[in-house]
Amino acid sequence: YTEELLEKQSALDKQAGTLKSQDEQIKSKDEQIKSQDKELTSLAEKLEEQQKTLEEQQKKLTEQEKKLDSQKKKLAKQQDTLEEQQSALDEKTELLNTQQEKIDKIIGVKAEVVEALQKEFAKKNLNVDIEVDGGINEGTIETVMKAGANIFVAGSWVFGGDIAQNLSLIHI
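Draft legend 1. View of the overall build of the protein. Helix and strand content of the protein: 4 helices and 2 strands. Over its C-alpha trace the protein gives a radius of gyration of 53 Å, far above what one expects of a compact globule, namely 16 Å for 172 residues. Projecting the C-alpha coordinates of the protein onto the three principal axes gives extents of approximately 175 × 25 × 20 Å. Relative to its 172 residues, the protein shows a buried fraction of 9%. Accessible area of the protein: about 14800 Å², with a carbon and sulfur share of 53%. Between the mean site of the 25 positive side-chain charges and the mean site of the 35 negative ones, the protein shows a separation of 2 Å.

Draft legend 2. Expanded view of the side chain of Thr-140. Mapped onto the elements, Thr-140 comes out in the loop between strand E1 (131–133) and helix H2 (141–147). Setting aside residues no more than four positions away along its own chain, Thr-140 makes contact with Ile-107 and Gly-135.

Draft legend 3. Structural detail: the nonpolar core. Counting residues in hydrophobic clusters, the biggest one holds 13 residues, and the most contacted among them are Val-114, Val-132, Ile-136, Val-144, Ala-149 and Ala-154. For this core, the secondary-structure elements that each account for two or more residues are helix H1 (2–123), H2 and helix H3 (155–159). If we ignore the near neighbours within four places in the chain, the residues touching Val-114 are Ile-130, Val-132, Val-144, Ala-147, Gly-148 and Ala-149.

Draft legend 4. Up close: the side chain of Asn-166. Among the structural elements, Asn-166 can be located in helix H4 (residues 163–168). Filtering out sequence-adjacent residues up to four positions away, Asn-166 remains in contact with Trp-157, Val-158 and Gly-161.

Draft legend 5. Inspection of the pattern of salt bridges at higher detail. Inspection of every chain in the model, using the stated rule, returns 4 salt bridges. The closest approach of N and O atoms between Lys-123 and Glu-120, which form a salt bridge, is 3.4 Å. Of this pair, Lys-123 and Glu-120 both sit in helix H1, 3 residues apart, which is roughly one turn of the helix. Between Lys-146 and Glu-142 there is a salt bridge, with the nearest N and O atoms lying 2.9 Å from each other. Of the two residues, Lys-146 and Glu-142 both sit in helix H2, 4 residues apart, roughly one turn of that helix. What makes Glu-142 partly exposed here is its relative accessible area of 47%.

The rules behind the values
- Chains are numbered independently. Their residues run from 1 in the order of the written sequence.
- The model is predicted, so local features are restricted to residues of pLDDT at least 70 and side-chain atom pairs to those at 80 or more, both for listing and for counting; the totals for chains, interfaces and linings are taken over all residues.
- To get the side-chain values, take all heavy atoms of the structure and skip hydrogens and water.
- Helix and strand labels come from DSSP, where a helix needs a run of H or I of at least four residues and a strand needs a run of E of at least two; each type is numbered from the N terminus.
- As defined in this context, the radius of gyration uses C-alpha atoms, and a globule is described by 2.2 Å times the residue total to the power 0.38.
- Remark: exposure states derive from per-residue accessible area (1.4 Å probe, protein chains only) relative to the maximum for the residue type, with buried under 20%, exposed over 50%, and partly exposed in between.
- Calculation of accessible area relied on Shrake-Rupley with a 1.4 Å probe; when residues are assessed, cover is drawn exclusively from the protein chains displayed.
- When charges are counted, neither His nor the chain ends are considered; positive counts come from Lys and Arg and negative counts from Asp and Glu.
- Charge placement uses NZ in Lys and CZ in Arg. For Asp and Glu, CG and CD serve respectively.
- In what follows, a contact means two residues having at least one pair of non-hydrogen atoms within 4.5 Å.
- Here the nonpolar core consists of buried residues drawn from Ala, Val, Leu, Ile, Met, Phe, Trp, Tyr and Cys, with membership extended through side-chain atoms lying within 4.5 Å.
- Whenever Lys or Arg places a side-chain nitrogen within 4 Å of a carboxyl oxygen from Asp or Glu, that contact is recorded as a salt bridge.

Quick look at the structure:
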């Protein structure tokens, strides 16, 4: 009977050792699980922080996109305004060119008339002053002067800006 008890005791000791070993393994697994749980919690917190940062960045991006859209609209309006102004400027430039062509033709006619008058007066040995009134400026005075005119009426040109500067452009 003792032997039987000893065998049972030995079996129980063996089971106790196995249980103790299994208990240690379970405790080790529990520690691993706790460590992994801490890591997962830490990762979850980091993920949550990153999510918040991402949401803040998304809000900033949305605000920047709104500002950009607003700036694009302003730029488009400015572009439209510039195009309108350019169109108006082109029309005015064309009108000025047309007017200048007319003035140039008139000055050309005036120069021809002055030359003809000068020739007639020279034939008759008359020494007279020839006056040209209208269209006189720094670009036309020389033409009519060479044609024989010696008196010039240039009120709009002289008094229409910087008088001293305009007068300095006349080289007689």
